[in-house]
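Architecture at a glance
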Amino acid sequence: ARPRVWVSQPLFDDIVARLDEHFRVDAAREVTAWPQAAIAARLREADGALVTLNERIGADEIADAPRLRAVANVGVGYNNLDVDALHARGIVATNTPDVLTETTADLGFALLMATARRITEGERWLRAGEWTQWSFDTLLGQDVHGSTLGILGMGRIGQGIARRGAHGFGMRVLYHNRSRLPGGIESNCRATLVDMDTLLRESDHLVLVLPYSPQTRHVIDAAALAKMKPTATLTNIARGGLVDEDALADALAAGRLASAGLDVFEGEPAVNPRLLALRNVVLTPHVGSASRATRRAMATLAVDNLIAALGRGPRAGDPPTPITGKATAKR
Ligand code: GLV
Ligand code: GLV
């Protein structure tokens, strides 16, 4: 019999249809919030699964999934998967790096600019009918060009943001990362490695682009925020749990930080009500990679990964893009 695969959310029908050539496919017809027990029930029958960041899969969900051999994540971040638990069972886990790098860097830069120049705050004000006369000191923000850009987590997306800042906006680029980048990449990004303290103290605009793990949870906490300039902005396009949102709300409310741009939230889709109440926060609903072309490329890569990992079809010779290390040790 053909292997069975579970597709947890609607993707592009024409792309998902390629799975039909190789598998019996059980694909969600509509956006679904799967309870953990329902995920386990689907995996019980499956040889492979195509999932998104919504689905958390760990030891409990695969305990009774004897046939499961591959889990293909549609997305680059994979903190929703317990990769160690999957690997311990010999299950291949894959993600979709590279294809979303530039699109996500675009969104990061857009959010940074909206945050620095108070774009959405200005629109809310205008729509509320508050704009009665042009005045000299309305909505004064922070400059982006020529300022110091700080990047925490210098993976592919971080490098894309660095290049935009350095080449497009004449920014001085500092970064902090587990390891120093090769010299060629550093010079292409015009980026300088600094320690965490220097990054926090010197950045005019700090962007978070590092993987989330228990080790990086709340890496931006009250102590970190206290080191930042009161005129600085903070932009997070990685995972909400990197930031202590209550400490961030405290800093923003007290004027100890100018503004924040957030595409991700610790309890998303719920947003901390204290952040919602603040004027100086730009909020977007986790749309970093959300261009049509890139979402199609992500779905295509995830489908290719699943086909290759299950050893099917003409692409069976191409290796999938497996997550090789520990979830905390690779980006
Ligand atoms: C989305 O957040 C992703 O990790 O691709
Ligand atoms: C992933 O984290 C990347 O930066 O590509």
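- The chain is annotated in an unreviewed UniProt entry as D-glycerate dehydrogenase from Luteimonas composti.
- Looking at the Sequence similarities (unreviewed entry) heading of the UniProt record, one finds this comment for the chain: "Belongs to the D-isomer specific 2-hydroxyacid dehydrogenase family."

**Quick look at the UniProt feature "domain: D-isomer specific 2-hydroxyacid dehydrogenase NAD-binding" (unreviewed entry) in the chain**
- The positions that UniProt labels "domain: D-isomer specific 2-hydroxyacid dehydrogenase NAD-binding" (unreviewed entry) are, in the present scheme, residues 109-288.
- Regarding residues 109-288, the helix share stands at 36% and the strand share at 16%, and the terminal C-alpha atoms are separated by 10 Å.

**Quick look at the domain arrangement of the chain**
- Structurally, the chain comprises domain 1 (4-99 + 292-317) and domain 2 (101-283).
- Using C-alpha coordinates to define each centre, domain 1 is positioned 32 Å away from domain 2.
- Residue-level contacts link five residues of domain 1 with seven residues of domain 2.

**Some details on the site of ligand 1**
- Neighbouring ligand 1 are Leu53, Gly75, Val76, Gly77, Leu100, Gly288 and Ser289.
- Taken together, the residues of the shell around ligand 1 sort by class into three nonpolar, four polar and no charged.

**So, the pairing of strand β3 (residues 48-51)**
- Residues Gly48 and Leu50 line one face of β3 and the alternating positions Ala49 and Val51 line the opposite face, and both faces are buried.
- Taken together, the three bridges between strand β1 (residues 4-7) and β3 define a ladder with parallel strand orientation. Bridging across to β3, Val5 finds its partner in Gly48.
- Sheet topology note: the β3/strand β4 (residues 70-73) ladder contains four bridges and is parallel. Paired with Leu50 across the two strands is Ala72, which belongs to β4.

**Thoughts on helix α13 (residues 292-309)**
- For α13, built from 18 residues, the straight-helix expectation of 26 Å at 1.5 Å per residue is met to within 8% by its first-to-last C-alpha distance of 26 Å.
- Where α13 is concerned, the buried positions are Met298, Ala299, Leu301, Ala302, Val303, Asp304, Asn305, Leu306, Ile307, Ala308 and Ala309.
- Taken together, the buried residues of α13 touch β1, α1 (13-16), β3, β4 and β5 (92-94).
- Positive phi shows up at Gly311, right after α13, with a value of about 65 degrees.

**Quick word on the sheet that holds β3**
- If you walk across this open sheet you meet the five strands as β2-β1-β3-β4-β5, and the pairing is parallel. Unpaired on one side and paired on the other, β2 (24-27) and β5 mark the two borders of the sheet. Geometrically, the sheet is characterised by an average inter-axis angle of 15 degrees between neighbouring strands, direction not taken into account.
- Note that β4 and β5 share three bridges and pair parallel. Along β5, the bridge assignment pairs Ala72 with Thr94.
- Sitting on the sheet, α13 touches β1, β3, β4 and β5, and the angle it makes with β4 is about 170 degrees.

Conventions and cut-offs
Residues numbered from 1 in each chain as written. Chains lettered and ligands numbered in written order. Predicted model: local features only at pLDDT ≥ 70, side-chain atom pairs only at ≥ 80, totals over all residues. UniProt positions renumbered as here; feature names shortened; annotations may be inferred. Helix = DSSP H or I, 4+ residues; strand = E, 2+ residues; numbered from the N terminus. Domains from an automatic or database assignment. Contact = placed C-beta atoms within 7 Å. Near = placed C-beta within 6 Å. Nonpolar A, V, L, I, M, F, W, Y, C, P; charged D, E, K, R; others polar. Buried ≥ 20, exposed ≤ 12 C-beta atoms within 10 Å, placed from the backbone. Pairing = 2+ DSSP bridges. Expected span 1.5 Å × (residues − 1). Axes fitted to C-alpha atoms, helices over the stretch in contact; angles between N-to-C directions.

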